[in-house]
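# Analysis of the macromolecular model
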Number of protein chains: 2
Amino acid sequence: MTRARGRDGGPAAPRGVDVARAAGVSQKTVSRVLNGERYVSVDVRRRVLEAADRLGYRLNTAARALASGRSRTIGVVALGTALYGPASLLLGVERAARDAGYALSVVNTLEGDQGGVGGAVQSLLERGVDGIVVSEPIDEDADPLASEVPVLVLGAPAGTRTGERTIAAGVDSEALARAATEHVLDLGHPTVHHLAGPERWFAARDRLAGWRQALAARGREQPPVAEGDWSAASGYAAGRRLAARNDLTAVFAANDDMAVGLISALTDAGLRVPQDVSVVGFDDIPLAAYVRPPLTTVRQPFDAVADEGLRLLVHAIENPQAELPTAQGQPVELVVRSSTAPPPARADSGPLRHTVRPLAGEAHAPPAA
Amino acid sequence: MTRARGRDGGPAAPRGVDVARAAGVSQKTVSRVLNGERYVSVDVRRRVLEAADRLGYRLNTAARALASGRSRTIGVVALGTALYGPASLLLGVERAARDAGYALSVVNTLEGDQGGVGGAVQSLLERGVDGIVVSEPIDEDADPLASEVPVLVLGAPAGTRTGERTIAAGVDSEALARAATEHVLDLGHPTVHHLAGPERWFAARDRLAGWRQALAARGREQPPVAEGDWSAASGYAAGRRLAARNDLTAVFAANDDMAVGLISALTDAGLRVPQDVSVVGFDDIPLAAYVRPPLTTVRQPFDAVADEGLRLLVHAIENPQAELPTAQGQPVELVVRSSTAPPPARADSGPLRHTVRPLAGEAHAPPAA
DNA sequence: CTGAAAGCGCTAACAA
DNA sequence: TTGTTAGCGCTTTCAG
C-alpha cells in the first residue's frame, strides 16, 4: 500500500501528520483547523494554515469519508437528454450543491435502460453518496427509490410523497398547464387540443391533468390527446395529424420543442399561426422568443426549484431524525408572445379556415367566454 | 467511529468480513472475487457471490479508494450552460465513463467565476479523481490545467497539446467552419459575413479561423466580424446591425441559436432568408430542421468525440508511464437545408435587395465560382 | 489457489 | 484549548 506519488515516483503527497509536524501540533489539531471546529487558538490556526499552504496540503476525501461515514457527495440520477428543461434543472442542482459544500456525482439513465432508476440509485449508494436527487422522474416498476439516504424527487409536484425518505419538489405544473389552457380559452377558443409528452413522465401527466381540469372547469369538450416524445420531430408528426382535423383552432403543447415542430407542420399544411391556429408551449426555452411566430409559453423557475429542493435535501441529510420537510412550490409565469390569438371568425363550422382574412389587429377584443 | 447504520439505529451495513464469514473464506478472498482477480476456484467464487448477495453486501468505495489510491472517478469541469453543444458533450462523456467503469463528478464553472477552471480542477483533485475532463474550454490565466492526473480537453481541436499531462480531443472545427463557408461561396456569394461566438472560447476562435481560411483561400474580402454570446438574443442584436449593411448576402453564424436570432432580426428588417440573405448555422440542434426556414448547418459528432476522448483518458489513467495518445479527429457533416441559396441577382450593387423577385426554384444552378 | 498482517489518512471519543 | 488512542473497510505485500 504505497502512498500516492507523482507518475515519475516523485515525492508522496503530504498528509495531515506532515502538516502537524511542520506546525508543531498534533494531527488532530490539524483536522480541527481544517474542519473549522471551535476551540483552536488563533495562533495555532494560523500556524496550521500556513504550514498546510506551504506544503501544498490537500485533504484526502476518501479517508475522510471512510472515517466519518459521510462523503459530502450528492448523487444525481438524470435522464440522459439534452432537453432544455432537464439540463437547466441539473445546472441549478449543481450550483446549489456546491454552495452547500457538496460535490455531485451524476448518473444518466437512458430511457429504456435495464434497471433504470433503481439501478442508478444502487450504484450511487455504493458510491457512498449522502443523498440522492432524481431529476424529472419517470414511471418505474416497484419501489426503486428505496434507499437508506434521503431522496429528492425533482419535477414531481410539490408535496408529493413517493417513498419513505423521499422529498418532492417542483413547480405546480398542473396549475401551469391550467393557466396556459385558460389563456387560450379566454381568447375565445371553444376548446384547446393537447399535444402531450410521453405518458411515463410525471411532467407529461401533470400537464395533461392541468389541461383536463381547465377544460372541465368550463365545461368544454376534451378533444383526443396527441402524444409526442418531447422532440420537435414528434411535434411535427403530431401536427400533420392535427392539421387534418376540422375543429382545430388551438393547441397546447407540453413543451416548446414540440410546439415548434407542431407549428412547422401546421405551416406546411397551409395553416397560419396564430391566425388560423393558436399554439401555446411550455418551458420558455431561450429560442422561444426568436422562432416565428414568437412562442406564447409558460416559464418554469428551474433555478428556484433546484435551490429549494436541494436545501431541503441537505437539511434532511444533516438532520436524519427530523421530519421530512415539504417543498413550497414556486411561482410561475405565463409568457404571452405571438403564437396565440383569438380564433378565426367562422360561420360556426365548416371548412372555412383557409379563407384569407385581413390580419387581425390587436384591437380585436376576445369575445367573453 | 461508528459503522454506518440506518437512521433508526438499524443493523449496520455488512462488510467484507461478514461476507467472508458467511462464505467460510478469508476477507481477502472476498476482495479477490469482487475484483474479478484470477486464481479463485469456481466453487469459492460461487459461495462468495452467493453470500454477498444474501447479505445485501455493497462494496465501500471510500475504503477502496483509501487503500488503493484510486477512486475510479473522473472529474468533469463543465461550463454552466444548458446550450445544446456542451450539454450533448457532457452526456456523451457520462455514458463513456460509465461504460469504462468510472463514476463522474461534475463541477460547473460559471463564466466569470473567480478561480474559474483552475479552482474547479483543484477541487476535483481534492476529491481524489483519477482523471479530469475539461469540456469546451475557454481561455484562462496561467496554467490552470496543472494537475498530477491526466486531463482531457474536449472541444479543442484534435491533437492540440495544452499542458504536460493533457490530451486534446474534438472535432476539427476549423475544417467544419471552412466547409460551411465554402458551401455558401459555392452558391455564388461574393463573400460571407461571420457572426462569431465569444472570443474566449476555443470553439469560437476555431470557427472564426476556419471562416477566414476559406475566404482567404479564394481571395475574398473579409467583412468585419460580428460577435455574440451564443444566445439567440445576441444573434438578434447582431442581425439588426448586419441588416443595415449593403453588402450582406450571406452570414455564417457560429452556432444555431445565434443563427435563429439572426434570421429573426433579418426578417424583422424586411429581408428574406434565403432569398435575400443566406444563413448557415453550426451544431445542428434538434430544432434546426423545424424553424423557418429550416437551417443549413454543420453537424458535430458529439458522441464520437466524447467516446474517443474518454477512451484516451482512461488509457492514460491506467498506463501512467505511457506516452500520451493523440486523438484522431472525427468525421463531420454539412447538413444542407433551406436557409442557404444563391445570392439575389443584382445590378452589381446598389440597394436593390428589396425588389420582389419570383421565388427561386431549385433549378437555379449556382453560378460557377 | 488461499490466508494473515499491515497499513491507506482521516475523524470520533475520551483524556488531559 | 489540545493530544491520545482506536478504528472506518478495504487492498497490498508476503507466506503458505
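Residues numbered from 1 in each chain as written. Chains lettered and ligands numbered in written order. Predicted model: local features only at pLDDT ≥ 70, side-chain atom pairs only at ≥ 80, totals over all residues. Heavy atoms only, no water.

Looking up chain A in an unreviewed UniProt entry gives the name LacI family DNA-binding transcriptional regulator, with the organism given as Streptomyces tibetensis.

## Comments concerning the interface of chain A and chain B
Chain A puts 59 residues into the contact, and the matching count from chain B is 59 residues. Each partner contributes to the roughly 4800 Å² buried at the junction of chain A and chain B, and carbon and sulfur atoms together form 54% of this total. Put simply, D268 of chain B and R292 of chain A hold a salt bridge, and the shortest N to O gap is 2.8 Å. Secondary-structure elements contributing two or more residues to the side of chain A that touches chain B are α4 (61-68), α5 (84-99), β2 (103-109), α6 (116-126), α9 (232-243) and α10 (256-268) of chain A. Each residue belonging to the side of chain A that touches chain B can be placed in one class, and the counts come to 28 nonpolar, 16 polar and 15 charged. (Contact = heavy atoms within 4.5 Å. Buried area = accessible area lost by both parts, 1.4 Å probe. Salt bridge = Lys/Arg side-chain N within 4 Å of Asp/Glu carboxyl O. Helix = DSSP H or I, 4+ residues; strand = E, 2+ residues; numbered from the N terminus. Nonpolar A, V, L, I, M, F, W, Y, C, P; charged D, E, K, R; others polar.)

## Points about the protein's contact with DNA strand C
Residues in close proximity to DNA strand C total 27 residues, the closest being G16, S31 and Y57 of chain A together with T29 and R32 of chain B. Contact distances for DNA strand C include 3.0 Å between a phosphate oxygen and a backbone N or O atom of S26 of chain B. The backbone of A67 of chain B places a nitrogen or oxygen atom 3.4 Å from a base oxygen of DNA strand C. Sorting the residues of the surface near DNA strand C by element identifies α2 (27-34) and α4 of chain A together with α2 (27-34) and α4 (61-68) of chain B as the ones contributing at least two each. For the surface near DNA strand C, the leading source of residues is α4 of chain A, giving four residues. Tallied by class, residues from the surface near DNA strand C come to twelve nonpolar, nine polar and six charged. (Near = heavy atom within 4 Å. Polar contact = N/O pair within 3.5 Å; in protein donor to acceptor, adjacent residues only side chain to side chain.)

## Quick look at the relation of the copies chain A and chain B
If you rotate chain A by 180° and push it 0.0 Å along the axis, it lands on chain B with an RMSD of 0.1 Å. Accordingly, the operation relating the two chain copies is best matched by a two-fold axis. Comparing contact sets, 100% of the residues at the interface of chain A also lie at the interface in chain B, consistent with an isologous, same-surface contact. (Least-squares fit on C-alpha atoms with pLDDT ≥ 70 in both.)

## Describing the protein's contact with DNA strand D
Near DNA strand D, the surroundings consist of 28 residues, among which T29 of chain A together with G16, K28, S31 and Y57 of chain B are the closest. The sugar and phosphate moieties of DNA strand D supply 62% of its atoms located within 4 Å of the protein. S26 of chain A is positioned such that a nitrogen or oxygen atom in its backbone is 3.0 Å from a phosphate oxygen of DNA strand D. One of the side-chain N or O atoms of N35 of chain B is found 3.2 Å from a phosphate oxygen in DNA strand D. Of all the secondary-structure elements, those providing two or more residues to the surface near DNA strand D are α2 and α4 of chain A together with α2 and α4 of chain B. Looking at the surface near DNA strand D element by element, the count peaks at four residues for α4 of chain B. Class assignment for the residues of the surface near DNA strand D results in twelve nonpolar, nine polar and seven charged.

## Focus: α4 of chain A
Helical geometry: 3.6 residues make up each α-helical turn, so side chains three or four residues apart lie on a common side. Within α4 of chain A, the full set of buried residues consists of T61, A62 and A65 of chain A. Along the axis of α4 of chain A, the buried residues cluster in a sector spanning 105°; they form a single face. On its buried face, α4 of chain A sits against α4 and α6 (116-126) of chain B. Among the residues of α4 of chain A, the N-terminal cap falls to N60 of chain A, whose side-chain oxygen and the backbone nitrogen of A62 of chain A are separated by 2.8 Å. Looking at the residues trailing α4 of chain A, positive phi occurs at G69 of chain A, about 80°. (Buried < 20%, exposed > 50% of the residue type's maximum accessible area, 1.4 Å probe, protein only. Arc of directions from axis to C-beta.)

## A look at the pattern of salt bridges
Throughout the structure, instances matching the rule amount to 36 salt bridges over all chains. The shortest N-O distance in the salt bridge between E94 of chain A and R98 of chain A comes to 2.9 Å. Taken together, the positions of E94 of chain A and R98 of chain A, both in helix α5 and four residues apart, correspond to about one turn of that helix. A relative accessible area of 5% places E94 of chain A in the buried class. Residue classification places R98 of chain A among the partly exposed positions, given a relative accessible area of 29%. Close ionic contact of D284 of chain B with R299 of chain B constitutes a salt bridge, the shortest N to O distance being 2.9 Å. Placement of D284 of chain B in the loop between β9 (278-280) and β10 (297-299) and of R299 of chain B in strand β10 is noted, with a sequence separation of 15 residues between them. Residue classification places D284 of chain B among the buried residues on the basis of a relative accessible area of 12%. The class of R299 of chain B is partly exposed, set by a relative accessible area of 33%. What emerges from the salt-bridge pattern is a single network uniting D43, R46, R47 and E50 of chain A.

## Description of the packing of α4 of chain A against α4 of chain B
Packing of α4 of chain A against α4 of chain B leaves a shortest axis separation of 8 Å and a crossing angle of 135°. Put simply, α4 of chain A runs oblique to α4 of chain B. The handedness of the crossing between α4 of chain A and α4 of chain B is left-handed. Only A62, A63, A65 and L66 of chain B of α4 of chain B make contact with α4 of chain A, whose side of the interface consists of A62, A63, A65 and L66 of chain A. Among the residues forming the contact of α4 of chain A with α4 of chain B, the class breakdown is eight nonpolar, no polar and no charged. (Axes fitted to C-alpha atoms, helices over the stretch in contact; angles between N-to-C directions. Parallel < 35°, antiparallel > 145°, perpendicular 65-115°, else oblique. Left-handed = near helix turned anticlockwise from the far one by under 90°.)

## Some thoughts on unusual backbone geometry
Of note, the amide linkage connecting V273 of chain B to P274 of chain B takes the cis form, showing an omega dihedral of 10°. Structurally, P274 of chain B is set in the loop between α10 (256-268) and β9. The step from R292 of chain B to P293 of chain B runs through a cis peptide bond, and the omega angle for that step is -10°. Tracing the sequence through the fold places P293 of chain B in the loop between β9 and β10. For W230 of chain A, which is not glycine, the phi torsion reads 85° and is therefore positive. Following the sequence through the fold, W230 of chain A ends up in the loop between β7 (226-227) and α9. The phi dihedral of D283 of chain B is positive, around 125°, even though this residue is not glycine. Take D283 of chain B: it is sitting in the loop between β9 and β10.

## Considerations on the sheet that holds β9 of chain B
Residue and element names in this part refer to chain B. Strand order in the open sheet formed by four strands is β7-β6-β8-β9, and the pairing between neighbours is parallel. At either margin of the open sheet sits one strand with a lone partner, and together these are β7 (226-227) and β9. Pairing of strand β6 (residues 193-196) with strand β8 (residues 250-253) involves three bridges; the strand directions are parallel. From the neighbouring strand, H194 faces β8, where its bridge partner is F252. Along the sheet, helix α8 (residues 202-217) contacts β6 and β8; its crossing angle with β6, the most-contacted strand, is approximately 170°. Contacts between helix α9 (residues 232-243) and the sheet are confined to β6, β7 and β8, with β6 contributing the most and set at about 155° to the helix. (Pairing = 2+ DSSP bridges.)

## Quick look at α2 of chain B
All names here are of chain B. The set of residues buried in α2 consists of T29, V30 and V33. For α2, the angular spread of the buried residues around the axis is 105°, confining them to a single face. Residues of α2 that are buried make contact with α1 (16-23) and α3 (42-55). Positioned one or two residues after α2, G36 has a phi angle of 65°, which is positive.

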